[in-house]
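Here is how the chains run, residue by residue.
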Amino acid sequence: MATQLTRLLEMPLVQGLIKIGFVIGFFVLALVPLMVIIERRLSAWMQGRLGPNRVDLPWLGRLGGILPSGLGHPLADAIKLLFKEEIIPEGADKFLFCAGPLLVLIPPALGMIVIPFGNQIGDAPLQVADLGVGILFTMSVLSVAVYGLAFGGWASNNKYSLLGGLRASAQLVSYELALGLSIIAAVMLTAATSPDGSGTINPRIMVDLQSRGIQYWNVFGGGDWRLAPFGILGFILFFVSALAENNRLPFDLPECEAELVGGYHTEYSSMKFSVFMMGEYVGMILMSSLMVTFFLGGWSFPGITDPKNHGLFAGLLSVAVFVAKIMAILVFYVVIRWTLPRFKYNQLMNLGWKRLVPLALANVLAIAAVGVLTSSGGGK
Amino acid sequence: MTAGQKLKSLWLKFLIKLYIPAAIKGMSRTLARVFRPKVTLSYPEEVHVPRKGYRGEHRLKKDELGRMKCVACLMCQTACPAECIRIDAGPSPWPDREKIPVAFTIDMLKCIYCGMCEEACPCDAIELTPTFNKVALTREEKIYDINKLLSR
C-alpha cells in the first residue's frame, strides 16, 4: 500500500494535480477569504473599532481560543451572496455581462501557476509550471484582466458603468507599462549579478539566484551593493504600479465605492459581484507573489530555509516562508489603504506616465550602465 | 544663504516632492493606531452609560411630602421649542399653591431633548433623566402622561 502510494506520488500527473490543487485551493480559495477578514479587522483596528468578531468558524469555533474571533464572516458573506437575487439589467449583453467577472478572476489565478511557491520536495519543484518564459506569461495573462473590467462596464447597459470601465481600463493599461519596466529592472539585476553573467526571465531560476542569502535579493541589488539603490527603486516602482494594477487605494479610481457609483461593477449583484471581489483579491495575492518572487527572495529566508535541503519538512517550511512574505505585503497594502488619500484622475495619469515610466526606464538604463561598467557578472 | 543651507533646502524640497518619507511617517502613525484601545462597545454585553448631565427622557419630581412639585405655571410648555408638552391645569388640593396639572403629557417623538423645559421650570419640578433607550411598538406608547412621568 505504502509503495503504491509513493509510486502514485512519483507520477508527474499526480504531482501536477496536487500542485494545481494547492494553488487553487490555498492561494485562491483559502487565502482570499482569510485576506478579506484580515483586511476588515485591521481596517477596524486602525479606526479604533473592533471590527467583525461575532461569527466564528462552523463546527470548529475558535478551536478553544486559539483562533481569533470573526473568522467565519467571509463564509457567512459567501452564503449570503450566493442566496441573493441575481439581477441582469435590461438591455445588458448577457454573455459579456457574465464573462466580465470570470475574466477578472481567471487571469490572476492563471498567473499563479508560474510562481515558485516553495523549494523542491524530492525532485518535484513546488511550482505548477516551470515555464522558461514565466514572467512574460504572467504579464500577458494579467493584461487579459483589463477586458474583464471593460466588458463588465460596457455590458451593463449603464453609462456610469461604462465610464467606470473606461476609467479602469485606462488606469490598468497605463500602469502595466511601469509594472513591466520595473520587472525588466529585476531581470537586468539578475543579468548583472548572476554567477554565469546571464539574465533570466524564469521565476524559478530568479528565486534560486536570490536564495543564496539576503544580500542576493534583487531589492538589495542582487548581491552587488552598487546596484542596491536601483533594486530599491525598482521595488518601489513595482509596488506603486502594483497598487494601481490592483485598484487599491490610493489608486482605487475604478471603483470609488462612495462617490463615483461603484464604477464598472455598479450593476453587478450577488455572486457575480463577489467573483469580481475575489478576482481583485487574487490579483492582490498574485501581485504580492510577483513582488516576493522578483525582489524579495521568493520562498527563501536565510537561516530558516536551506536551498539545498529537498526534504518534505524543508519544502513545507519554504512554502510557509513564502506565504508569510505575501501576507506581510498584503498587510502593507491595508496600511497604505488607510493612510494615503485617493489621487485625482489627472494626478494618477501624471504619476503613471510622467513619473513612473521615465523613472523605470532610467532605472533599467542605470542598471545596464552600472552592470557593464563594473562588469560585476562573474562570468566575464 | 550659504551654499550648504541652499543645498539643504533643495534636499528638503526633493524629499517633499518624493512623497515617500511623508507616506512612511503616515503609515507608522496608522500602524500605531492598531494597538490603541478601541472605542467600540460590544453592545449586548457592554451597555453605554451616559455621562452626568445627559439629556434623556423626562420625569416629574416630587417634594419631601410625596406631592408633585409642579404648579402648572406653563413655563415649560411655553419654553418648549418643539411644542411637545401639554398641560391642563386644575385647582390645587393643597394650600401652598393655586394650581396643579390634571393632565401633563409629553410627546417623546416630538421632543428634541434640548432641556429648555428643565431650565424654564421655576419650581425645579421637571428634569431630564439619563434614560435614552426606551422602546415602544406604537406611537401612542411614546406619548407619556402624568402618571408615567411621575412614576419615574
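Keep in mind it's a predicted model, so treat the numbers as computed, not measured.

Enquirer: What should I look at first to understand the overall build of chain B in this one?
Expert: Looking only at helices and strands, one finds 5 helices and 5 strands in chain B. The helix and strand sequence of chain B, counted from the amino end, reads α-α-β-α-β-β-α-β-β-α. Taking 152 residues into account, the globule formula puts the C-alpha radius of gyration at 15 Å, and chain B, at 29 Å, lies well above it. For the C-alpha atoms alone, the extent of chain B along its principal axes is close to 95 × 40 × 30 Å. Burial status across chain B gives 14% buried among its 152 residues. Across chain B, the fraction of contacts at a sequence separation of at least 24, relative to all contacts at a separation of at least 6, is 68%.

Enquirer: When you look at the overall build of chain A in this model, what are you seeing that I'm missing?
Expert: A tally of regular secondary structure across chain A gives 11 helices and 2 strands. Sequence-ordered secondary structure for chain A, helices as α and strands as β, is α-α-α-α-β-β-α-α-α-α-α-α-α. Against the 2.2 N^0.38 benchmark of 21 Å for 380 residues, chain A shows a C-alpha radius of gyration of 22 Å, consistent with a compact globule. Seen through its principal axes, chain A has C-alpha atoms that stretch 65 × 60 × 45 Å.

Enquirer: Is there a simple way to think about the confidence of the model for chain B in this case?
Expert: Any residue range with low pLDDT should be treated as having predicted coordinates unsuitable for detailed reading. The share of residues in chain B with pLDDT of 70 or more is 100%, and the mean pLDDT across the chain is 90. Mean pLDDT in chain B bottoms out at helix H1 (residues 3-18) of chain B, which sits at 87, and peaks at helix H4 (residues 116-120) of chain B, which reaches 93.

Enquirer: It is not clear to me how the interface of chain A and chain B should be interpreted in this structure. Could you clarify?
Expert: Put simply, an interface is often sized by how much accessible area is lost when its parts join up. Listed per partner, the contact involves 11 residues of chain A and 12 residues of chain B. Counting only elements with at least two residues in the side of chain A that touches chain B, the list comes to helix H2 (12-46) and helix H10 (312-337) of chain A. The greatest single-element share of the side of chain A that touches chain B, amounting to 3 residues, is contributed by H2(A). Of the residues assigned to the side of chain A that touches chain B, the class counts are 8 nonpolar, 2 polar and 1 charged.

Enquirer: Is there a simple way to explain the environment of Asp145(B) in this structure?
Expert: On the secondary structure map, Asp145(B) appears in the loop between strand S5 (143-144) and helix H5 (146-150). Take Asp145(B): there are 12 C-beta atoms within 10 Å of it, and that puts it in the exposed class.

Enquirer: Help me out: how do you make sense of helix H9 (residues 270-294) of chain A in this one?
Expert: Turn by turn, an α-helix covers 3.6 residues, leaving residues three or four places apart pointing in a common direction. The terminal C-alpha atoms of H9(A) lie 36 Å apart, and with 25 residues this matches the ideal 36 Å at 1.5 Å per residue to within 8%. Burial within H9(A) is extensive, with 21 of its 25 residues counted as buried.

Enquirer: I tried to follow the nonpolar core on my own but got confused; where do I start?
Expert: If you look at the biggest cluster of nonpolar residues, it comprises 96 residues, and the most contacted ones within it are Ala185(A), Met291(A) and Phe295(A). In terms of residues, this core owes the most to one element, helix H6 (residues 159-193) of chain A, which gives 14 residues. Setting aside chain neighbours within four positions, we find Met291(A) in contact with Phe238(A), Phe239(A), Ala242(A), Leu296(A) and Ile329(A). Leu60(B), Met75(B), Ile106(B) and Cys111(B) belong to the second largest nonpolar core, which has 18 residues in total.

Enquirer: Before we go on, may I ask you to explain the packing of helix H8 (residues 228-245) of chain A against helix H11 (residues 345-374) of chain A in this structure?
Expert: Angle between the axes and distance between the axes are the two parameters that describe a pair of packed helices. All names here are of chain A. The contact between H8 and H11 brings their axes to 10 Å, and the two run at 150 degrees. Here the hand of the crossing between H8 and H11 comes out left-handed. Residues Phe230, Leu233, Gly234, Leu237, Val240, Ser241 and Ala244 of H8 touch H11, and the partners they reach there are Gly352, Leu356, Leu359, Ala360, Asn363, Ala366 and Ile367. Looking at the contact of H8 with H11 residue by residue, the class counts come to 10 nonpolar, 4 polar and no charged.

Enquirer: Would you mind going over unusual backbone geometry with me for this structure?
Expert: Most peptide bonds adopt trans geometry, and most residues besides glycine take a negative phi value. All names here are of chain B. Of note, Leu74 is a non-glycine position whose phi angle comes to about 70 degrees, a positive value. Among the structural elements, Leu74 can be located in the loop between strand S1 (58-60) and helix H3 (75-79). A count of 15 C-beta atoms within 10 Å places Leu74 in the partly exposed class.

Enquirer: Honestly, the pairing of strand S3 (residues 99-107) of chain B in this entry has me stumped. Any pointers?
Expert: The side chains of a regular strand alternate, residue by residue, between the two faces of the sheet. Of the pairings in the sheet, the one linking strand S2 (residues 85-91) of chain B to S3(B) comprises 7 bridges and is antiparallel in character. What sits directly across from Ile85(B), in S3(B), is Ile106(B).

Enquirer: Please explain the sheet that holds S2(B) as it appears in this structure.
Expert: If you walk across this open sheet you meet the 3 strands as S2-S3-S5 (chain B), and the pairing is antiparallel. Looking at which strands have only one partner, the edges of the open sheet turn out to be S2 and S5 of chain B.

Enquirer: How should I be thinking about the packing of H2(A) against helix H2 (residues 20-34) of chain B in this particular structure?
Expert: One can describe the packing of H2(A) onto H2(B) by two numbers: an axis separation of 7 Å at closest approach and a directional angle of 95 degrees. By the angle class used here, H2(A) and H2(B) are roughly perpendicular. Here Leu42(A), Trp45(A) and Met46(A) of H2(A) lie close against H2(B), whose contacting residues are Thr30(B), Arg33(B) and Val34(B). Grouping the constituent residues of the contact of H2(A) with H2(B) by class yields 4 nonpolar, 1 polar and 1 charged.

Criteria and cut-off values
- Residues numbered from 1 in each chain as written.
- Chains lettered and ligands numbered in written order.
- Predicted model: local features only at pLDDT ≥ 70, side-chain atom pairs only at ≥ 80, totals over all residues.
- Helix = DSSP H or I, 4+ residues; strand = E, 2+ residues; numbered from the N terminus.
- Rg over C-alpha atoms; globule rule 2.2 N^0.38 Å.
- Buried ≥ 20, exposed ≤ 12 C-beta atoms within 10 Å, placed from the backbone.
- Contact = placed C-beta atoms within 7 Å.
- pLDDT = per-residue confidence, 0-100.
- Nonpolar A, V, L, I, M, F, W, Y, C, P; charged D, E, K, R; others polar.
- Expected span 1.5 Å × (residues − 1).
- Core = buried A, V, L, I, M, F, W, Y, C linked by C-beta atoms within 7 Å.
- Axes fitted to C-alpha atoms, helices over the stretch in contact; angles between N-to-C directions.
- Left-handed = near helix turned anticlockwise from the far one by under 90°.
- Pairing = 2+ DSSP bridges.
- Parallel < 35°, antiparallel > 145°, perpendicular 65-115°, else oblique.

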